[in-house]
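# Breakdown of the fold
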Amino acid sequence: MILRSFNNIEKTEAGYIIHGDAADVMLVFMTDDIFRFRVSFTRTFKEESYTLVHTAWGDRMDTLLKGERERIVPLSVPVTEEKNTLCFETKTLRLVVNKEPFFFKVYDKADSLIYSDLAERAFEVDQLGRLSHFSKMDRDSDHFYGFGEKTGYLDKKGRRLRMSPKDAIGHDPEHGDPMYKHIPFYVRVNEKQKHAVGLFYHNSYDSVFDLGQEISGYWDRYCYYQTDGGDIDLFFMNGPTVADCVREYTWLTGTTILPTKQSLGYCASTMYYCELEKDCDKEILKVIDKHEEEDINIDNFWLASGYSSGEEDNLRYVFNWNKKRFPNPKDFFDKMNARGINVMVNLKPGILKRHPYIKEFEDNDVFIKNANGQGAYFGRWWGGVGRFFDFTNPKARAVWAKHLKENVLLMGTKSVWNDNCEMDGIEDRNAQCDFEGEKGTMAELKILHSNLMAYLAKHTLAEVYPNERPHIINRAGYAGIQRYAQVWGGDNLTDWRTLKFNIATIVGMGISGCANMGCDIGGFAGAAPEGELMLRWIQSGIFQPRFCMNSANNDNTVTQPWMYEEYTDYVREAFKLRYRLLPYLYSLMYEASVNGTPAMRPLFMEFPEDEKTYSDKSLTFMYGKSLLVANVVEKGAAERTLYLPAGCTWYDLNDNLKAYEGGQTITVPAGLDTIPMFLRGTAVVTMTDDVQKILRDKMKHLEMLVAAETDTDFVLYDDDGHTTDYKKGVYAKTDIRVKAGDQTVISFNRTGTYPSTIETIDLRLVSKKKGAFWVSVAGHKIDRYLIRERFEEAQSGWYYDLSDRTICVKFPAPKEATFDVVVSTEKFDLIGMNED
């Protein structure tokens, strides 16, 4: 059945209801750039969302999401009705609804068409109850990005993608689908027009996106979204840039939660560490010793599910402690905490029949039920059939929270690791969930359990540690998971292709609002990685917000950083680079928490005017807006070919800042010791060598690398790294603004009440044409040094390094919150030959 024609329009408190021949449409303008176009073939509009953080209507979950959700006043947009159209106009867009055939188009303020449904077949429901939304597409020039966690290249044009989260162990990294997450949001851009729009389908039923794979000669080229149930509940975002679309989407569903600093440090794990017959605790402490002996940084440890195994049957029982492996869990946590290691305990939502707490679980009616509502549903699980916690049931949440508190958090950890939360073992989609007392099916609620696990973890952590920042890790998730948890790419395959395509998977998740993402370094499933693969994977992994090595090798080996002695020096240097860049990364994660912009971003997010960036397949990425990273991802490669976006100069960080003009493809050497990286011609990068153990060390010496081809800015963000005091203004936010010219002015303006720990600053300014005339700090000129050794001995001064042609400036950090560093490269009269 197709929605073919308009009947009439009705004004409502929030917007409009458009009545059609086969369905009703709710239209609400949330902002000038975001409108909701919800098509209901049942003509009912229940509001019961676990997902949205901004609404313009009452919702059954408002109380549950108190503190997360804000109800806004929608825009009042008048309708202009003509013979065959309804027209709605905001400050930035014009929505035109065609009456018959029924479809809509969107125009920008310049009256350029930026989106169109497929006329005569925009909205339909088929004989199986599946609902579809068809859109026109330009097969040559349109590009599609996002869709959450997906394999292959970043642009999904021509692919058919399924949203039906699975336990996708060992998935093909290029073609595998579906994966663990369900995020029905994407950004589409026409490379000629360069206007990005975002489409978020607020619907958690299993669904499909066809991005032009399907062709029918009876229609213009099209793409479509198809869902198994519910409504076509579309939130349309005007952009006009990709970054704007991400900002608008995260305004709807929440930005990435500001992570703890410690969670950005290296995390070790393997299934093997917790599978020893006894004394796993002692073995893990030896692993920490080994990291320190090898001078390899470590701040976190994932405790795999073997800790919970039954002592007689080795089956997983969540919240249980195997006392042979961990005789005194609290003592183990105390020792790890004393060494600055955060331990994250694996939690799984499935329950086997011999679980030690099974009677309590049964008595409290915590499980998802059969389709008829009678008795707990039994499905496939680790070690046999299992039952599954119903996280839509307040009683079940209370029982889970009790054990999470008593058996995990009070042992001494402030982190929660939610694993296997796709609920993939529940095959019957008609299985019944409590749904906050209203009853619902797994068809609609399956993936939402993963978000609710994270929601529950957040609230339980807050109860046990009231002022601590929650640190939660989820394998599965629906739209909005980013406001609760860090996520990872599940059980990836040990393969060179995985190293390669995991980059696109992480960047795609960033476009999908999940900025805090990573994939297991070295691979999880398969045999141990060979030495070269292991090294290249670490060199890639150091840029991922989640920096973790985790494995379940099938050849009786354990993946560890030092596993190949011939590569250990290179591995160590890569780890040092990760920690050296922590001030930059933490600042980027702060940016993500404010506006959704990810740390790892596609080239076209920073260079939207460069048409080539939209189809580039070199699998490079921008690290913030200042660095381009081109990891080596091919076996045996001694060089790397990559595209440098047009619009600026690029400086090779591995070749004395050798300059390249943008807009060209280059090939550079890439030995085993090399991570190809390029500094943008307009850039600010912040670094320190002071932090080797995140809880212990403070940044006292700040290094900055600045390029000032044009004006730029950067926010250097710092706080205590673990509490929620930053919400009360206890942070040090330094706005760094660079004004380019013969006098390059670098302005610092620090706000917030967190006392800055920075004592000294070293600043390098790229200046390829000439050295400086003079340099001043906070209004006072500082000394010039012609001999490097004298400069290095001095507390303050400047020196021109001809090797890479940078002006090196060093000085004690001024006490003032606001000051300028001025570097003059003006022409000066060296020998008195200027004429009057």
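Within each chain, residues carry numbers counting from 1 in the order of the written sequence. Local features in this predicted model are restricted to residues whose pLDDT is 70 or higher, and side-chain atom pairs enter the listing and the counts only when it is 80 or higher, whereas totals over whole chains, interfaces and linings include all residues. Neither water nor hydrogens contribute to the side-chain values; these are computed over all heavy atoms in the structure.

## Section: the sheet that holds strand E50 (residues 743–751)
At least two DSSP bridges between two strands are required for those strands to pair. The way it works is that DSSP assigns letters per residue, a run of H or I at least four long becomes a helix, a run of E at least two long becomes a strand, and they are numbered from the N terminus. Pairing is antiparallel in the open sheet, where six strands are placed in the order E48-E49-E50-E56-E52-E53. Bordering the open sheet on either side are strand E48 (712–718) and strand E53 (780–781), each of which pairs with just one other strand. The pairing of strand E52 (residues 774–777) with E53 spans two bridges and is classified as antiparallel. Across the sheet, the residue bridging to Val 777 is His 780, located in E53.

## Looking at the packing of aromatic side chains
Stacked, edge-to-face and tilted labels apply to pairs of Phe, Tyr and Trp rings (six-membered ring for Trp) whose centres lie within 6.5 Å, assigned for plane angles under 30 degrees, over 60, and everything in between, in that order. Scanning all chains against the criterion turns up 66 aromatic pairs. Note on Phe 104 and Phe 236: the rings are 6.4 Å apart at their centroids and 90° apart in plane angle, and the pair reads as edge-to-face. One end of the pair, Phe 104, is in strand E10 (residues 103–108); the other, Phe 236, is in strand E21 (residues 232–237), and 132 residues separate them in sequence. We call a residue buried when its accessible area falls under 20% of the maximum for its residue type, exposed when it is over 50%, and partly exposed in between, using a 1.4 Å probe and counting protein chains only. A residue is classified by how much of its surface remains accessible, and Phe 104, at 0% relative accessible area, is buried. Look at Phe 134 and Tyr 224: their rings are 5.1 Å apart centre to centre, the planes differ by 40°, and that puts the pair in the tilted class. One end of the pair, Phe 134, is in strand E13 (residues 131–136); the other, Tyr 224, is in strand E20 (residues 222–227), with 90 residues separating them in the sequence. Relative accessible area serves as the criterion here: at 2%, Phe 134 is assigned to the buried category.

## With respect to the layout of surface pockets
What the largest pocket holds in volume is close to 860 Å³. Looking at the largest pocket, it is lined by 38 residues, and the ones nearest its centre are Leu 577, Arg 580, Leu 653, Met 687 and Arg 764. Listed by contribution, the elements that provide at least two residues to the lining of the largest pocket are helix H10 (568–580), strand E46 (682–687), strand E47 (701–708), strand E51 (760–766), helix H13 (788–793) and strand E55 (806–812). Ranked by the residues each element gives to the lining of the largest pocket, the list is headed by H10, at six residues. Each residue gets one label: Ala, Val, Leu, Ile, Met, Phe, Trp, Tyr, Cys and Pro are nonpolar, Asp, Glu, Lys and Arg are charged, and the others, such as Gly, are polar. Its residues assigned to classes, the lining of the largest pocket comprises 18 nonpolar, five polar and 15 charged. Cavity: a set of points on a 1 Å grid over the protein atoms alone where a 1.4 Å probe fits but cannot get out. Pocket: an open set with protein on both sides within 12 Å along at least five of seven lines, its lining residues, like those of a cavity, having an atom within 4 Å of a point. Grid points are joined across faces, edges and corners, and a volume is the space filled by probe spheres set on the points.

## Some thoughts on the pattern of salt bridges
Take a side-chain nitrogen of Lys or Arg and a carboxyl oxygen of Asp or Glu: if they are within 4 Å of each other, that pair is a salt bridge. Enumeration over the complete set of coordinates arrives at 71 salt bridges. Of the charged contacts in the structure, one is a salt bridge between Asp 231 and Arg 38, with a shortest N-O distance of 2.9 Å. One end of the pair, Asp 231, is in the loop between E20 and E21; the other, Arg 38, is in strand E4 (residues 34–40), and 193 residues separate them in sequence. Judged by relative accessible area, which is 7%, Arg 38 ranks as buried. The partner of Asp 419 in a salt bridge is Lys 348, with the nearest N and O atoms 3.0 Å apart. With Asp 419 in the loop between strand E28 (415–418) and strand E29 (432–433) and Lys 348 in the loop between strand E24 (342–347) and strand E25 (350–352), the pair connects residues that are 71 residues apart, well separated along the chain. No difference in accessibility class separates Asp 419 from Lys 348, as the two residues are buried.

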